[in-house]
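If you want the building blocks of each chain, they are given just below.
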Amino acid sequence: MAYQTFRQEYLQMPVVTRAYTTACVITTLAVQLNLVSPFQLYFNPILILKRYQIWRVLTTFLFFGTVGFNFFFNIIFTYRYCRMLEEGSFRGQTADFVMMFIFGGCCMVFFAFFIHLLFLGQAFTIMLVYVWSRRNPYTRMNFFGLMNFQAPYLPWVLLGFSVLLGNPVWVDLMGMAVGHLYYYIEDVLPQILGGFRVLNTPQFMKLLFDPHMDEPDYTHVADERPGGYNWRGGLDEIQQQQDQQQAANQQPPPPQ
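A quick note: this is a predicted structure, and the numbers were derived from the prediction, not measured.

### Focus: the pairing of strand S2 (residues 147–150)
Two faces, one strand: in a regular strand the side chains alternate between the faces of the sheet. Pairing geometry for strand S1 (residues 140–143) and S2, over 4 bridges, is antiparallel. Bridged to phenylalanine 143 within S2 is methionine 147.

Put into structure tokens, the structure is as follows:
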């Protein structure tokens, strides 16, 4: 029974969230079982450029440390805010969500060439949290029952908590910087007078992740529209039908 519940919940996760969190858990378990060494996963520019160990560009985002409090804390936040983004502001826009992953990952890899960081998974989590918090500025948050604040302060609260745990401050600051950069070029810059979009999702990604969005005869069903069914439009239609019926009843009968 428990297995079926877990399986059902797992399959209901949106595709990007499911793929990323699964990859993180599998990578961590592989290290825990001594199937893989962390030395094979960490970000090393010399090994990447000179020995062509390209996989390190990806694995640096998948390892959160050995199984313990730090791992569970990061994986829970990764799952929670990745899923809320994918089911919220990126609902029906999986290709754009993947594009955000690519943009964030490329920026962090670029910064990692100048900042000595071995693993970037925690920074990536902070980026997800930052983007979600800026797109939900009026949401009230509660951190372990200790303090109440609005969503935009959440990344700073996590930064303080991370420092208390002894983690390097540069990890969270990098995630916040990349998250703010994405938020600015996607949500702020296009709204400025004469602004434009910097990130344009390639057509092949839209065909791969959102094929139905490009079909000319495709129409959204009610559940696919952000916010659900258009109740206001339905009430207006009912009211119009009632007015027509009332007008018909008030017409005088034809002369005999």
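### Things to note about the UniProt feature "transmembrane region" (unreviewed entry) in the chain
The positions UniProt marks with the feature "transmembrane region" (unreviewed entry) are residues 20–43, 55–79, 99–132 and 153–170. Between the first and last C-alpha atoms of residues 20–43 the distance is 18 Å; the span itself is 54% helix and 0% strand. What you have in residues 153–170 is 72% helix and 0% strand, and the ends, taken at the C-alpha atoms, are 18 Å apart.

### Thoughts on the side chain of arginine 56
Looking at where arginine 56 falls in the secondary structure, it is placed in helix H4 (residues 56–59). One buried charged side chain, arginine 56, makes no salt bridge at all; its nearest oppositely charged neighbour is aspartate 172, positioned 21 Å away. With near-sequence residues (within four places) excluded, arginine 56 lies in contact with Phe39, Gln40, Leu41, Tyr42, Phe43, Asn44, Leu47 and Ile48.

### Things to note about the packing of helix H5 (residues 69–87) against helix H6 (residues 94–112)
With their axes 10 Å apart at the nearest point, H5 and H6 run at an angle of 140° to one another. In terms of their interaxial angle, H5 and H6 are classed as oblique. On H6, the residues that touch Cys82, Leu85 and Glu86 of H5 are Thr94, Phe97, Met100 and Phe101.

### What about the packing of H6 against helix H9 (residues 169–188)?
Here H6 crosses H9 at 135°, and the two axes come no closer than 10 Å. On the basis of their axis angle, the class for H6 and H9 is oblique. Our pair here, H6 against H9, has a crossing hand that is right-handed. Along its contact with H6, which presents Asp96, Met100, Phe103, Gly104, Cys107, Met108, Phe111 and Ala112, the element H9 presents Met174, Gly175, Val178, Leu181, Tyr182 and Ile185. Tallied by class, residues from the contact of H6 with H9 come to 11 nonpolar, 2 polar and 1 charged.

### Thoughts on the pattern of salt bridges
Pairing is possible between side chains of opposite charge, provided their charged atoms come close. A full pass over the atoms with the stated rule returns 3 salt bridges. Taken together, the shared-partner salt bridges connect Glu9, Arg83 and Glu87 into one network.

### Digging into the nonpolar core
The biggest cluster of nonpolar side chains holds 55 residues, and the ones touching the most others in it are Met100, Phe101 and Met108. Contributing elements (two or more residues each) for this core: helix H2 (15–32), H5, H6, helix H7 (121–135), S1, helix H8 (154–164) and H9. Tallying contributions element by element places H6 first for this core, with 11 residues.

### Looking at the packing of aromatic side chains
Tallying each qualifying case throughout the model produces 18 aromatic pairs. The interplanar angle of 25° and the centroid separation of 5.7 Å between the aromatic rings of phenylalanine 77 and tyrosine 81 together place this pair among those described as stacked. With phenylalanine 77 and tyrosine 81 both in helix H5 and 4 residues apart, the pair spans about one turn of that helix. For tyrosine 81, a relative accessible area of 2% puts it in the buried group. Ring plane angle 65° and centroid distance 5.1 Å describe the contact between tyrosine 81 and tryptophan 132, whose orientation is recorded as edge-to-face. With tyrosine 81 in helix H5 and tryptophan 132 in helix H7, the pair connects residues that are 51 residues apart, well separated along the chain. Across the ring face of tyrosine 81, the terminal group of arginine 80 is positioned such that the distance to the ring centre comes to 5.6 Å.

### A look at a nonpolar patch on the surface
A contiguous nonpolar patch, built from Val25, Leu29, Leu33, Leu35, Val67, Phe72 and Ile76 and spanning about 650 Å² of accessible area, is present on the exposed surface. Residue position: leucine 35 is located in the loop between H2 and helix H3 (45–50).

### A word on the environment of methionine 174
By the secondary structure assignment, methionine 174 is in helix H9. Under the relative-accessibility criterion, methionine 174 is labelled buried at 5%. Dropping the residues within four chain positions of it, methionine 174 is found in contact with Met108, Phe111, Ala112, Ile115, Leu117, Leu120 and Ala123.

What counts, and at which threshold
- Residue indices follow the written sequence of each chain, beginning from 1 at its first position.
- Where local features are concerned, this predicted model is filtered to residues with pLDDT of at least 70; where side-chain atom pairs are given and counted, the filter is 80 or more; whole-chain, interface and lining totals use all residues.
- Note that water and hydrogens are dropped before the side-chain values are worked out from all heavy atoms of the structure.
- Only when DSSP finds a minimum of two bridges between them are two strands counted as paired.
- Where helices and strands are cited, they refer to DSSP runs of H or I of at least four residues and of E of at least two residues respectively, numbered from the N terminus.
- UniProt positions are given in the numbering used here, feature names are shortened, and annotations may be inferred rather than shown by experiment.
- Here the term buried applies to any residue with accessible area under 20% of the maximum for its type, exposed to any over 50%, and partly exposed to those in between, with areas from a 1.4 Å probe on protein chains only.
- The charge count treats Lys and Arg as positive and Asp and Glu as negative. His and the chain ends do not count.
- Counted as salt bridges are all cases of a side-chain nitrogen of Lys or Arg within 4 Å of a carboxyl oxygen of Asp or Glu.
- Working rule for contacts: check all heavy atoms of both residues, and any pair within 4.5 Å makes them a contact.
- Only the stretch in contact is used when fitting a helix axis, every axis being a line fitted to C-alpha atoms; angles between N-to-C directions are given from 0 to 180 degrees.
- Angle categories are assigned with fixed cut-offs, so that under 35 degrees is roughly parallel, over 145 is roughly antiparallel, 65 to 115 is roughly perpendicular, and the rest are oblique.
- Left-handed describes a crossing whose near helix is turned anticlockwise from the far helix through less than a right angle; right-handed describes the clockwise counterpart.
- Side-chain classes are defined by residue name, with Ala, Val, Leu, Ile, Met, Phe, Trp, Tyr, Cys and Pro counting as nonpolar, Asp, Glu, Lys and Arg as charged, and the others, Gly among them, as polar.
- In this text, buried Ala, Val, Leu, Ile, Met, Phe, Trp, Tyr and Cys residues form a nonpolar core when linked through side-chain atoms within 4.5 Å.
- Two rings from Phe, Tyr or Trp (for Trp, the six-membered ring) form a pair when their centres are within 6.5 Å of each other. A pair whose planes differ by under 30 degrees is stacked, one over 60 is edge-to-face, and the rest are tilted.
- Working rule: Lys NZ or Arg CZ, within 6 Å of ring centre, within 35 degrees of ring normal, means a charge sits over the ring.
- Here a patch means residues that are over 30% exposed by relative accessible area and free of salt bridges, tied together within 9 Å if like-charged and within 5 Å if nonpolar (Val, Leu, Ile, Met, Phe, Trp, Tyr).
- For the area figures, the Shrake-Rupley method with a 1.4 Å probe applies, and any residue is considered shielded solely by the protein chains shown.

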